[in-house]
Structures are given as C-alpha cells and as structure tokens.
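# Architecture and fold: a report
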Amino acid sequence: MINKVVSGAEEAIHDIPDGATIMLGGFGLCGIPENCINALVAKNTKNLTCISNNAGVDDFGIGLMLKQRQVKKMISSYVGENAEFERQLLSGELEVDLIPQGTLATRCLAAGYGMPAIFTPAGVGTEVAEGKEIRNFDGKDYLLEYAFDADFAIVKAWKGDTAGNLIFRSTSRNFNPVMAMAGKITIAEVEELVEVGALDPDYIHTPGIYVHRVFQGKDYEKRIEQRTVRKVH
Amino acid sequence: MINKVVSGAEEAIHDIPDGATIMLGGFGLCGIPENCINALVAKNTKNLTCISNNAGVDDFGIGLMLKQRQVKKMISSYVGENAEFERQLLSGELEVDLIPQGTLATRCLAAGYGMPAIFTPAGVGTEVAEGKEIRNFDGKDYLLEYAFDADFAIVKAWKGDTAGNLIFRSTSRNFNPVMAMAGKITIAEVEELVEVGALDPDYIHTPGIYVHRVFQGKDYEKRIEQRTVRKVH
Amino acid sequence: MAFTKEEIAQRIAKEIKDGYYVNLGIGIPTLVANYIPPDINIVLQSENGLLGMGPFPFEGEEDADLINAGKQTITTLPGSSIFDSAMSFGMIRAQKVDLTILGAMEVSENGDIANWKIPGKMVKGMGGAMDLVASAKNIIVAMQHVNKAGESKLLPKCTLPLTGVKCIKKVVTELAVLDILPEGGFRLLERAPGVSVDFIKQATAGRLVIEGKIPEMTLN
Amino acid sequence: MAFTKEEIAQRIAKEIKDGYYVNLGIGIPTLVANYIPPDINIVLQSENGLLGMGPFPFEGEEDADLINAGKQTITTLPGSSIFDSAMSFGMIRAQKVDLTILGAMEVSENGDIANWKIPGKMVKGMGGAMDLVASAKNIIVAMQHVNKAGESKLLPKCTLPLTGVKCIKKVVTELAVLDILPEGGFRLLERAPGVSVDFIKQATAGRLVIEGKIPEMTLN
C-alpha cells in the first residue's frame, strides 16, 4: 500500500499558497476539519477561495479565517450563522457565490467522477440561473453546472488508515466524501489513524486513491451549533 | 420504518410484464440475483429488454433467459462468455446494444441521482459515438449519454433489513447499488434478511428509500466463472 | 379562531400517508413530526444525509456528529441510514422523497415560492431549498397567511427573489388550506374554525378560487 | 531473441513507479503483477470495484464474491477498498489511476487503439476498455508485434473498429519498446536482445522513427 501519512496539520497545509481554491468539508460545524482550519489561521494564508457549504460561526471554523480576512471569495449554500460574514458581504469586502446545496454537492461529485458538467433543475427560473445554459429534457428544464476545480480539498473523517482510506461517522459524513474526491490534492484529518488492514474494505467511504495526505488530528472541540434535547417524562 | 418485505422471488417479480425493461445487477456471475432470474425463467416473461453488464453463461444467470428466448434486447458492456448469446446476435434474433462499462454504470447513477444525462469521454471517436451529441469541455470531447429508464431493477445483496437497507459483500457489490437506485421499482434479494436496527446506519450501501421489495433468497449457487488459484510453496 | 403554529403542523400531518418518505424544512414544518399518526409508518429525510431521523436526544445524549439540516442535535431510529450530500440530493432530484414541507416568505398563485433572500437585508443563502422545490413531486408550504406588516403572503406574483417556479401544490396557513390550481389561483379547501371566507379573501392578495361551501379544518 | 509474454510483462513492470495506482487489463497485462519490484509500493485497481488487488487465493480459499475484472478469483491486500461500478469508473474518468496497461489487436501511429471487436466474427463487447483508454493519463499497450497471420499490428491506421483515439503513449511487444510521438509515428526506444532494427522495421507497418543507436531492452 501507498503511505499517505503526514505529521500533522502544519505539514498537510504547508504548500497551500495565497490565492488557492480550497474545499472544506462539513455541514454547519459538524464534520469540519478543525485542525487544518486552525493551521491555515496560524499560517494566515490569504486571498483564498473557499468552497464550503457553510462559513462557520464568528469564533469557530471558517469564521476564524473570515475574521482574519483570509478569504477573498466564499462559494456556499448557507451562511446564516455568521455575523462577520454578513458584514463583509454587505460591505463588499467579500465575494460570495451562493449556490443550491445539491448543486454544491453534485459539482463536487462531478469533479470526483470526471464529469465536466452535470444537469440539475435546482435554481431554474431564479437568479441562480442567470447567465447559465438551460436545457430541456422530457419537458423539464435543467441548468448546466460545471464540475468544481479545486486545488485542495480538506476533509475530516472519523477513522482513516495510512493508505488514506476514510470512514466517516454519522451525519458528520455530509460533504466530506464528495469533497475528498474533488480536490487536486486531498488532505484528510482523522480522529483515529489506524494501520492498513484495520478497516473493513467493504465499509470504506472514501478509497485512499482519492486521498493524498492523512494525519491524526488532535484536540477536537466538535462544537454543537443547536443543542436541542427532549425532556425525560 | 416502512416495511418492504415480500414473500419471495415469485411475489417480487409477479407484476413484471412482457416487454418490460429490467436491470439486473452483477458482474459476470458475481452478485447476480439468482432467485429472481430463476423466477423469471419459471414465469417465462417475454420480450424483455435487459440492462446488465454481462449476459450470464449458457446454463446460468441471464443465459437461462436467453435460452428460453425471453430477451428481446440486451444492453451490456461485455457478453463474451455466452455462446447462445453470440448465436442469437449473429443470427439477428437478439437486439444488442453494447456500451462501455463505465457508461453503463454512470447512466444508472444518473437515473438514481435524478440527472437526465451525463458526459463521458468513453467512446469518442468510435462507433459508440455514432448519432450521439459530442461536446467539448476544456479541449476534450465528451459524449452526452442519457440516464436509463428502467421499469424494474433487480439486485442481489448480502444483507438487507426489512426497511430495504442493503449491504453488499466484497466485489459482488459491482453494479448492484447503482442499479438499485435506478429502477422505477427496485427488487432486492438478500442472503440474509434482518430486522431494522441490526445494520449499522453508517455502513448501509443502499438506503431503503431506493428499494421497494426485499426478500431472503435461497439456495444460492454463487458459481465461480474463472477459478484461479496459486500454489502453496 | 386562527390556528396556532402547532395546529398548522397538526393539520399538515394529516397529508402524510403511510409509506411516505418526507422532508421537513425548518420552522413550522419541523413541528409536523410531533403529529404523525401512530398507525402509519413514515421515514423522515434530512438533506444533510440521513433517512430515519428520530426525536431530539435526551439531555446528556447529544452527539455533535448527529444533526439534522437545521443543525439541531437529533437521534436516529432503527432502520436509519447515513449517506453523503451527493446521494442525499441525488435521491431528492430522483423524486424518491414523496413529500416536502417547507416554510415560505411568499407564494404566488401559479405556485412560485420565495423563501431565501431579502435583497439588501438578509443574505443567508438558499441551502437545500432550491433543490427541494425544483425536484419534489409534492410540496406543501406551511406559513402565516400574512406577514408582520399585515401584508398577504399569498400573492399574484412573488416580489422577493424566487426559490422555485410553479412547484407548490398546497399551502396551509393559520387561516386556511389551499391548493394551487394547474391554471393558476389559490383554491380554498378548508378554513380555520370560526374564520370566515371573507376574512380569508381579505388576507389573500392572489386570485382566490372559492367553489361551493368551504368546510372548517379538523385536526383528527 | 524475441521476448516471451512473461518477458514483455517483466519489461513493462519497469514502467511502474513507486506510489502508482495501476489498472491491468486481461492477458499479458495481468502478468505484469508478478514483476512489480519489491521495493516500490503500488496499488492495483480492478474496474469491477476494487483497489488493492492481491494474488490468486490458495486452493480452497476461493471466494465467489471476490473476483477481478477478468472474473478470476483473487484476494485483497491490507488497505484495500471495495466500491460500486459508478465510483470505479468515476475514479478512472477523474484520472486518479496513474497507469493503465492493456492488450490490443491494433495500434496506429497516432495512438489509436482497436481491441474490442472483429466485425462479423467476434462480438464480445468493449467492457471497460473504452472508458479506460478515453480517460487514462498514461496507457501502455502490451501485445505481440505481429498477428498470427504475420501481419503487423502497428499500423498507419487501424482497420478494426476503434476502442479509442490518440490515447496510447507506449507499446511494448516481443520485439521492441516504442512510444508514440505527439505528431504521430512509433519512435523506437528499445529492441529485444538480438533483434535487429531492420527486423523491427519489417514488422512495423506504421511509420517507424529511429533516432540514433537503439539499445537493447533490459529486464532489471
């Protein structure tokens, strides 16, 4: 097997240059690559284009990068939880491309599956369709949407082996596997790094061929955004 | 949970009419829905269009349906192991649409993911491209290939629960999960049917939403096509 | 008496049939889960990647890795399955989800919906709403009949940026149940107990179609 | 002396670099697996849905559920992964596989390949070959230089139905190693031990480019 292990977040992101286009896995704060985000904040990489479903919150996740003005452009589907984001957007400091969540996911899939473009009905008849090619199949209109072209994809998995095979836990899976397939260079941080042979080949979510660097992350906070509970009765 | 259990192969295929378009999972003889094929042979359903990567061998799998002349048309990528198939094809008794294996898989994916068509470079410049739309993206030509439209998909899984969630074993996975997503009605036969809750939600290959009928199959032969072994030294 | 949010949810729950896969949006739609009749089996889809969503966890059992599309901590039910975002929206586009229930800022009489953006004011993004409304075979909107300024949210034409066009089949508000006619227009099907047809007329800016006697909504 | 099939495979194995993901076709390419240098780490992809293919099983350990793209019983190595056919060809199309080695009936001097059909005679289908040749970033053909009738298989133009166009980068035969020039033509890189350049010239119908002295192939 090919060994993809790197020493940690710092090494994993060391060659992400200013101006790079990067994908970041996660949905809300669930399944985000905390270690790599913190390393990018520490390194203060600038002018990034970030493809991520959400933009974190003011003091956690991508919000930390926004606060430091590291992000030139965000491509996201929902950014409602981040006041600093909204301020930068309304003031024109930040470019934002808001796209439907399924379009975001499927443009990742297209990149990972070598499909240059896909058709989706999402956004037909709305401002999302502006300037886009529309095509009718069987009486229904679809937009042509292009595969993403990302320099780096950064994902967070539950377990990974040294060959880069990844397993995600529960709904922290979300965008992580599709982004893992979509990066020119894919970096995976995992809660538990294991030897090859420790993971059952039938239950690998992301085969190692898609992963270029893997390391065991540390000090995961895994912050909960909306803590909702029911009463014991 | 919604209960998808039917009594067996006979009930599962009872309403597949003559002339239907059906998908059959499996690669070679690996992971084929043996029980449903036998039931279709017993019922002698006629004029079928079969979408399946291979066509079985003379006395097993889809070969049994060919022998009985139940198949009007095969859509496959490789049919080299079946002499009766070749005879019917060369004599003009059988229509055959040979398409690249990846195109076959991706047209299933397209159906399961609600994408009316996809782009693939496979077949550009060959007779596969005849009459098809070609489009250039970034200097490379791609064919436009349409999502399959199958009345029924019939797949074979290792384990399934009563809600239709499926798990496949080793390389018997192959086309089964993509076809399971692609049928208007999807029938799954499983080696072991379990109660809901017995399968780990993180390791479901096919979510039950895609499966309409599930039953525990019996008497699996699981014939090996090319038995290759190495010597103990 | 106009219905409460809970009652709107309760009324919508009656639209859910045995064997349905259902996607519930944020807000009133989320409440619908509390009123599913116990004698039917349905499955809730959460578009972040889950089929078989269960209730909120008990205190102390929250799992940061297990949330719904509203980012709330939840649980799973036996028979649930987890998948990635591409498959989640794949099954939505392929119309495997039988019913989608979501909120709206505006609905037009031809079935357009606006629920994601107020130019210059609110820029949160559309999330999965555009995918859901573009693909779902059956969409019910749960919302208030009028906004806080007292203006009707059932309009001849939406004034806010659209989320989707000609996609809404039914609207349930605190005042009424209405479906949208293929040729356009809100057809009044039921009214909240004690709410008059005239009151609904005044609260509806779009074309209201009233055929025969309009029964009162019932909740069970 | 012309190379045997085993020696062709052995020569091709030298093209495989540490860290490569490799897809091996049926026939001579399959033999390449036996000659991977022990000091490099590579992963074999089988397009029916496996990364990390291992050797054939020991007698009695065959598993009907575990086969390669040639339908042969195989084993997996630690670190292997299984996936469905859509993902398998997805990673092929996305050029995640570094090297593809496959057989051919004909190769033309501009890099076209024919290996799936003889009209009126053989109708087996293309399997995954068209996907592989259309997508792979690096393709080596392993084949005999001439067919059983003694006719060259390295042609100005293929006569059989094509599998792919302008895709082959290198050809290894029992006589020679040749690469295909961007402007067209087979450039002779190496010759089998004792095989003369003239002999290769006679066996090559397509344009043969000979620059300088041509070394003999070595196997390790």
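Residues numbered from 1 in each chain as written. Chains lettered and ligands numbered in written order. Predicted model: local features only at pLDDT ≥ 70, side-chain atom pairs only at ≥ 80, totals over all residues. Heavy atoms only, no water.

Another aspect to go through is the nonpolar core. Considering soluble globular proteins, one finds that nonpolar side chains tend to be buried as a cluster. One finds Met-23, Tyr-113 and Leu-166 of chain A together with Met-23, Tyr-113 and Leu-166 of chain B to be the most contacted residues of the largest nonpolar core, which totals 96 residues. With residues up to four places along the chain from it excluded, the contact list for Leu-166 of chain A reads Val-155, Ala-157, Lys-159, Gly-160, Ala-188, Val-190, Ile-204, His-205, Thr-206, Val-211 and Val-214 of chain A. Counting 53 residues, the second-largest nonpolar core is a separate cluster that includes Met-53, Leu-66, Ala-104 and Val-141 of chain C. (Core = buried A, V, L, I, M, F, W, Y, C linked by side-chain atoms within 4.5 Å. Buried < 20%, exposed > 50% of the residue type's maximum accessible area, 1.4 Å probe, protein only. Contact = heavy atoms within 4.5 Å.)

This brings us to the side chain of Lys-4 of chain A. With respect to the helices, strands and loops of the structure, Lys-4 of chain A is situated in the segment before helix H1 (9-12). One buried charged residue, Lys-4 of chain A, forms no salt bridge at all, with the nearest opposite charge on Asp-98 of chain D at 8.1 Å. Among the polar contacts made by the side chain of Lys-4 of chain A, one reaches the main-chain carbonyl oxygen of Gly-208 of chain A at a distance of 2.9 Å. When neighbours within four sequence positions are excluded, Lys-4 of chain A is seen to be in contact with Thr-162, Ala-163, Gly-164, Gly-208, Ile-209, Val-211, His-212, Arg-213 and Val-214 of chain A together with Tyr-21 of chain D. (Helix = DSSP H or I, 4+ residues; strand = E, 2+ residues; numbered from the N terminus. Lys, Arg positive; Asp, Glu negative; His and termini not counted. Salt bridge = Lys/Arg side-chain N within 4 Å of Asp/Glu carboxyl O. Polar contact = N/O pair within 3.5 Å; in protein donor to acceptor, adjacent residues only side chain to side chain.)

Looking now at the interface of chain D and chain A. Contacts between chain D and chain A engage 23 residues on the former and 23 residues on the latter. Contact between chain D and chain A buries roughly 1,800 Å² in total, counting both sides, with carbon and sulfur atoms accounting for 64%. For the chain D face of the interface with chain A, the top three residues by lost area are Tyr-21, Met-87 and Lys-96 of chain D, together amounting to 30%. In this structure, the connection of chain D to chain A is made through zero salt bridges. (Buried area = accessible area lost by both parts, 1.4 Å probe.)

Attention now goes to the side chain of Asn-23 of chain D. All names here are of chain D. Mapped onto the elements of the fold, Asn-23 is located in strand S1 (residues 21-24). Residue Asn-23 is classed as buried on the basis of its relative accessible area, which comes to 1%. At a separation of 2.9 Å, a polar atom in the side chain of Asn-23 contacts the side chain of Gln-45. Here Asn-23 is in contact with Gln-45, Glu-47, Val-97, Leu-99, Thr-100, Ile-101 and Leu-132, once residues within four sequence places are set aside.

This part is about the sheet that holds strand S7 (residues 140-146) of chain B. Residues and elements named next belong to chain B. Ordered by their spatial adjacency, three strands build an open sheet running S5-S7-S6, and the pairing between neighbours is antiparallel. With partners counted over all chains shown, the strands left at the sheet margins are strand S5 (117-120) and strand S6 (134-137), one partner each. Between one strand axis and the next, the sheet turns through 40 degrees on average, direction left out of account. Sheet topology note: the S6/S7 ladder contains four bridges and is antiparallel. What sits directly across from Phe-137, in S7, is Lys-140. (Pairing = 2+ DSSP bridges. Axes fitted to C-alpha atoms, helices over the stretch in contact; angles between N-to-C directions.)

Moving on, we come to the interface of chain D and chain B. In this assembly, 50 residues from chain D lie in contact with 51 residues from chain B. For the pair chain D and chain B, the two sides together bury roughly 4,200 Å², of which 58% comes from carbon and sulfur. Among the residues of chain D in contact with chain B, Asp-65, Lys-71 and Lys-124 of chain D are the three that bury the most area, contributing 19% of the side total. Summed over the shared surface of chain D and chain B, the number is five salt bridges. Two residues, Asp-65 of chain D and Arg-169 of chain B, come together in a salt bridge whose shortest N-O distance is 2.7 Å. At the boundary of chain D and chain B, one finds 27 residue pairs in polar contact (both at pLDDT 80 or more). Residue assignment for the side of chain D that touches chain B shows that the elements contributing at least two residues are helix H3 (85-93), strand S9 (122-123) and helix H4 (129-135) of chain D. Residue composition of the side of chain D that touches chain B, grouped by class: 22 nonpolar, 16 polar and twelve charged. (Nonpolar A, V, L, I, M, F, W, Y, C, P; charged D, E, K, R; others polar.)

Attention shifts here to the sheet that holds strand S5 (residues 99-102) of chain D. Ordered by their spatial adjacency, ten strands build an open sheet running S4-S3-S2-S1-S5-S10-S12-S13-S14-S15 (chain D), and the pairing between neighbours is mixed. Since the sheet does not close on itself, it has two edges, and those belong to strand S4 (76-82) and strand S15 (208-209) of chain D, each with one partner.

Turning next to the pairing of strand S2 (residues 48-51) of chain A. Residue and element names in this part refer to chain A. Side chains Leu-48 and Cys-50 project from S2 onto one buried face, and the interleaved Thr-49 and Ile-51 project onto a second face that is buried too. In the sheet, strand S1 (residues 21-24) pairs with S2 via three bridges, with the strands oriented parallel. Note on S2: the bridge partner recorded for Met-23 is Ile-51. The parallel pair S1 and S2 is bridged by helix H2 (residues 34-43), and the resulting crossover is right-handed. The sheet contact formed by S2 and strand S3 (residues 71-76) spans four bridges and is parallel. Across the sheet, the residue bridging to Thr-49 is Lys-73, located in S3. (Right-handed = clockwise from strand over helix to strand, strands pointing away.)

Without other data, these values stay purely geometric and don't point to any function.
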